[in-house]
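# Coordinate analysis (summary)
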Amino acid sequence: MTTVAFIGLGNMGAPMATNLSQAGHTVRGFDLVSKPSGIELADSAEAAAADADVVITSLPNGMLVDQVVTSLTEADPTPRLYIDVSTIAVSQAREIARKVAEAGSRFIDAPVSGGIVGATNGTLAFMVGGAEEDFAAAKPLLVDMGSSVTHCGAIGNGQAVKACNNMILAVHQIVLAEALVLGQRLGLDPRDFFEVISHATGNSWALSVNAPVPGLVEGSPANHEFAPGFAAALMLKDLNLAMQAAHDTGTDTALGRAATEQYAEFVEAGHGGLDFSAIISAVEASQPPAAGW
Ligand code: NAD
């Protein structure tokens, strides 16, 4: 069993820290705002990290991860393992890892898929970048918070696969909305559309789990007025990280870029709190180009 400092006890961090504590680890948490019950709380990140073998961060962005990790390595240079489970830029994860190594500690990126439900049920999917021995050290903790833990290679690669996955997902959800609206306007009943496509080559998670029309998939956000789920604002955050990675590597991701623009407009119009599948309302409201296809 491990002594863990858990920094960032928000929607994801609080249930993850609770699962670690329930699995028998000693967990001390800290959050600037959120004070969840069920785990021991400290008055500062430094106090939470005193005597901890492992520090886990679950924070809104890479700048905050950098700030928290840097201040902890400066306050206490004792070698330990830092595990960041936030979603941040690939380049930022690599830069933080470099600084942590300079300070004599270790760092891995371990972003997650599965949302608040996965965090609560301990069924998250972890995608991990970092040295083999650091992955091996982190794995016993990650399996207490998730049902799938994959080592994807060098530092930053966890964030890389997360950015790629969510770019695919965003494009799928938009093109599915386009096809559903087109099909309806051609006279198709969405139930027939669903029955055929979910057994055909156009199938995807966006359809089989997250269908954006009520009555097609039990439990999909469309059945609950698009309560997330995975909020459009978080999808936009991840798309921006994917676009940054595309820029850094000189990769043209035309569809990813178009999806980023559509989600940016959707969030700007005030819908950032809805599930990202609610983008179908923007498709329904949009007008085709004046001439041609
Ligand atoms: P959240 O905003 O609910 O929680 C973040 C917490 O960090 C907040 O409680 C905030 O008070 C705290 N915080 C901010 N700065 C701090 C500091 N300096 N010290 C201590 N605490 C600080 O966000 P979340 O939904 O829990 O997401 C956390 C991370 O997980 C994000 O990077 C997000 O992109 C990623 N993620 C979220 C989901 C999801 O469905 N919510 C899914 C996958 C990944």
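The structure this text deals with has already been given above.
Residues numbered from 1 in each chain as written. Predicted model: local features only at pLDDT ≥ 70, side-chain atom pairs only at ≥ 80, totals over all residues. Heavy atoms only, no water.

### With respect to unusual backbone geometry
That bond from Pro228 to Gly229 is cis: its omega, 20°, falls within 30 degrees of zero. Residue Asp51 is not a glycine yet carries a positive backbone phi of 70°. Residue placement: Asp51 occurs in the loop between helix H2 (45-49) and strand S4 (54-57). With relative accessibility at 68%, the residue Asp51 sits in the exposed group. (Helix = DSSP H or I, 4+ residues; strand = E, 2+ residues; numbered from the N terminus. Buried < 20%, exposed > 50% of the residue type's maximum accessible area, 1.4 Å probe, protein only.)

### Let's talk about the pairing of strand S6 (residues 106-109)
Here 4 bridges tie strand S5 (residues 81-84) to S6, and the two strands are oriented parallel to one another. In the strand pairing of S6, Asp84 is matched with Asp109. Each parallel crossover has a hand, and for S5 linked through helix H4 (residues 90-102) to S6 it is right-handed. (Pairing = 2+ DSSP bridges. Right-handed = clockwise from strand over helix to strand, strands pointing away.)

### As for the site of the ligand
Around the ligand, the structure places 23 residues, and the nearest of them are Asn11, Met12, Asp31, Leu59 and Lys237. Contact between the ligand and Asp31: an oxygen atom at 2.6 Å from a side-chain N or O atom of the residue. A distance of 2.8 Å separates an oxygen atom of the ligand from a polar atom in the backbone of Leu59. Contact with the protein chains removes 85% of the 830 Å² of surface that the ligand exposes when unbound. Elements with a contribution of two residues or more to the shell around the ligand: helix H3 (62-75) and helix H10 (232-249). Along the lines of polarity and charge, the residues of the shell around the ligand split into 12 nonpolar, 8 polar and 3 charged. Each of two domains, domain 1 (3-153) and domain 2 (159-285), supplies a minimum of three residues to the shell around the ligand. (Near = heavy atom within 4 Å. Polar contact = N/O pair within 3.5 Å; in protein donor to acceptor, adjacent residues only side chain to side chain. Areas by Shrake-Rupley, 256 points an atom, 1.4 Å probe, with all protein chains shown as cover. Nonpolar A, V, L, I, M, F, W, Y, C, P; charged D, E, K, R; others polar. Domains from an automatic or database assignment.)

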